[in-house]
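Inside the fold
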Amino acid sequence: MKKERLLSFLKHYKAVMILAVLLLFMAVIKPNFYNPANIRNLFLKVSIQGIIGFGMTFTLIAGEFDMSVGSVLTLSGIIFATLLPSMGFFLASLVTLVAGVLMGLFNGLLVSRLKLSSFIATLGSLYVFKAVALMISQGDPIKISDQVAVAISNFRIGRNTVFPFIFLLAGIVTHYMLKRTRTGRNIYAVGGNMDVAANAGINVPFYKTLVFVIVCTASALAGILMTLRLQSATTIAGDDISLTVVSSVIIGGTSPAGGVGGAFESFIGLIIIAVVTSSLDLLGISGYYQQVVQGFLTVLIIGVTSYSTYRKTMSV
Amino acid sequence: MNKNSWKKFLSAVPEYACIAVMLVLILFSSILAPKFFTADNLMNILKQASVVSIVAIGMGCVLISGCMDLSVGVEMAICSIISMVMQKYIGTIGAVLLTLAVGAALSLLNFLVVYITRARAVEIMMLTFGLKMAYRGLAQALTGNVTYREETSVFFSMLGKGTVGIIPNIVLIMLGIAVVVGVLLSCSKFGREVVSIGNNPEASRLSGISIPWTRFKCFLISGLCCAAAGILLASRTRAVNALSGDGYEMDAMCGLVIGGYAVFGGYGSVWRAVVGVFVYSAIKNVLNLLGVDAYGQQLAQGVILLIAVAVDVYLRVRRGGGKQS
């Protein structure tokens, strides 16, 4: 009895275990990992992709998948930086977020109405959004020099920038929406079993579209924050970010098959990937090899998840 | 014509949609860009499309069997680097053979990953996407991102640059590969098995077809095609680096989908792959002639892919026979 309880505990909190092992490992290998400056840096780095990660949690729970978030981030950053001089901070942010909503609608309608596979559809829109960003900026980075924008990126709470707090807030909002509202419950239902959800009277296409709108709006927000942090918008800002985000969310325990997951799981997953990246930096591994590690890590995570779902369906 | 045969004709339309698209495209481009029909330009399209066609023919086999491999572009780049660099050490023939072996090995490694993890549809795409990143990072790190411009033997450069009469060798090689793979797919037991496991894996398994073994052969063909494409690319451009193959998987994918391949398997044939890639290359060429810049072309690429997939899904859902996801 006790052993069974231990096993189920391990199964539920395996992401936490991985994180604990990683943290212990770093404590032994590189104690200066626990330097407050490094921890602060880690949270700063995770905050932008983390916001997308929380958005992606909705999408994955609904059983869909968005490859285009990186391009949405890039395009939003470019739109924001282009509009900033003429519109001012608040209006420019608003327009950028609306653009994010529209991009989400585009993806969502492709998947829910035209019934494209979400991977292929968002792979196509990845190219479309990136191309639009390139056309607007002609490939050059756009610098920003708005006073409000500079003030926000220099604002400190304690010794922290404002970004990690936005990240945590996004996490809390995600948790609330998923666990405490009808929308959240319906998203779980849609991801768990689409046909049953449709028979129960849930408007499946609406929720499928909604999850894309959520993730793209989150990416647009991330694009604005990225631009604020770097004080410029580049056309390569979001390259390859989608894979990082998806693997983070999945390692946390949100299943790509849909119906399982939550904000807390995604948070743990995001921290795990951030710790890994930060450790690789500290151990002095070059950018190309980091790409290799990230690629193989994705393969490992997706592979293990897919194998375990295979085992589960076989045993039923 | 009675009603029944008219229905038959209608249901055959999607089968040959890519030919119709090609005709419409040729018509439009000859009106929009008169230069399209010059011999030089047509020859250029032929040569450019040949390398992508070879990749697409291989990838097509994998696609029909219900898998997908997004790492073919990087595999091709690695093969092209090896074929160029190794000539100094082991001779031209040795380098070509080694390249074919490496291509096959990389592709089979992908197969192994897909097989061991028992991945399905989207998971396969994500896995091979991750593998693509890993291979690319590894290739960049090992080569230091250097562009190789080695002296190559006459035979090697003839592969990509020579001509027989007015037809470039590269086109002949492509046609040769297309015929071999085409015969394999349409006239052999293996071909029928591939289509069968793509259409319905469970039924195929129950009727005694080994899914892993058939997919193994598909990935093998894909790897060999990547290697051949890599060799031709190296021979034609004489300058290759780890990023030479970037985007080829998207080009091949677009070509295949335009050619009417089902994204999730069970449908397609080699001539469709070739026609699809040629249509796609012709579209790119016309955009070039019309003076659309690189960014506009990237936009067009995305839009073409989306439209082609949407039409594919629409026709399949309407016809009812195919799979939706």
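Residues numbered from 1 in each chain as written. Chains lettered and ligands numbered in written order. Predicted model: local features only at pLDDT ≥ 70, side-chain atom pairs only at ≥ 80, totals over all residues. Heavy atoms only, no water.

Time to look at the interface of chain A and chain B. Chain A puts 42 residues into the contact, and the matching count from chain B is 42 residues. Among the residues chain A hides against chain B, the three largest losses belong to I120, Y127 and Y288 of chain A. Together they make up 18% of the total. Taken together, chain A and chain B are joined by 0 salt bridges. Applying the counting criterion to the chain A and chain B interface returns 4 residue pairs in polar contact (both at pLDDT 80 or more). (Contact = heavy atoms within 4.5 Å. Buried area = accessible area lost by both parts, 1.4 Å probe. Salt bridge = Lys/Arg side-chain N within 4 Å of Asp/Glu carboxyl O. Polar contact = N/O pair within 3.5 Å; in protein donor to acceptor, adjacent residues only side chain to side chain.)

As a further point, take the packing of helix 3 (residues 39-64) of chain B against helix 8 (residues 169-187) of chain B. Residues and elements named next belong to chain B. Between helix 3 and helix 8, the shortest axis-to-axis distance is 9 Å and the interhelical angle comes to 15 degrees. Here helix 3 is positioned roughly parallel relative to helix 8, judged by the angle of their axes. Judged by the sense of rotation from one axis to the other, the crossing of helix 3 with helix 8 is left-handed. When helix 3 is examined against helix 8, the residues L46, K47, S50, V51, S53, I54, I57, C61 and I64 are found in contact with a partner set consisting of I170, V171, M174, I177, A178, V181 and L185. A breakdown of the residues in the contact of helix 3 with helix 8 according to their chemical character gives 13 nonpolar, 2 polar and 1 charged. (Axes fitted to C-alpha atoms, helices over the stretch in contact; angles between N-to-C directions. Helix = DSSP H or I, 4+ residues; strand = E, 2+ residues; numbered from the N terminus. Parallel < 35°, antiparallel > 145°, perpendicular 65-115°, else oblique. Left-handed = near helix turned anticlockwise from the far one by under 90°. Nonpolar A, V, L, I, M, F, W, Y, C, P; charged D, E, K, R; others polar.)

So, about the pattern of salt bridges. Residues and elements named next belong to chain A. In the structure shown here, the tally under the stated rule is 9 salt bridges over all chains. The salt bridge partner of D281 is K45, with a shortest N-O separation of 3.1 Å. Of this pair, D281 sits in helix 13 (residues 263-282) while K45 sits in helix 3 (residues 36-61), and the two are 236 residues apart along the sequence. For D281, a relative accessible area of 37% translates into the label partly exposed. Given the relative accessible area of 43%, K45 is considered partly exposed. A salt bridge links K130 to D239; the nearest nitrogen and oxygen atoms lie 3.4 Å apart. Taken as a pair, K130 in helix 6 (residues 118-137) and D239 in the loop between strand 4 (232-233) and helix 12 (241-251) lie far apart in primary sequence, 109 residues in all. Judged by relative accessible area, D239 falls into the partly exposed class, the value being 36%. (Buried < 20%, exposed > 50% of the residue type's maximum accessible area, 1.4 Å probe, protein only.)

Residue and element names in this part refer to chain A. Where nonpolar side chains cluster on the molecular surface, the patch consists of M87, L91, L94, V95, V98, V101, L102, L105 and L109 and spans about 690 Å² of accessible area. Ranked by residues supplied to the nonpolar patch, first place goes to helix 5 (residues 89-112) with 8 residues. With respect to the helices and strands, L94 occurs in helix 5. (Patch = residues over 30% accessible without salt bridge, like charges linked within 9 Å, V, L, I, M, F, W, Y side chains within 5 Å. Areas by Shrake-Rupley, 256 points an atom, 1.4 Å probe, with all protein chains shown as cover.)

All names here are of chain A. Throughout the structure, instances matching the rule amount to 1 cavity of 30 Å³ or more. Roughly 50 Å³ of internal volume is contained in the largest cavity. Residue lining of the largest cavity: L73, T74, G77, G223, M226, T227, L230, S232, A233, T234 and A237, and that is the complete set. At the level of secondary structure, the elements contributing two or more residues to the lining of the largest cavity comprise helix 4 (69-87), helix 11 (204-230) and strand 4. It is helix 11 that provides the largest number of residues to the lining of the largest cavity, a total of 4 residues. (1 Å grid on protein atoms, 1.4 Å probe; cavity = no way out; pocket = protein on both sides within 12 Å on 5 of 7 lines; lining within 4 Å. Points joined across faces, edges and corners; volume = space filled by probe spheres on them.)

Okay, unusual backbone geometry next. Even without a glycine there, the phi angle at N145 of chain B is positive, about 60 degrees. Take N145 of chain B: it is sitting in the loop between helix 6 (121-143) and helix 7 (154-161).

Function-wise, these values are silent; they only describe arrangement.
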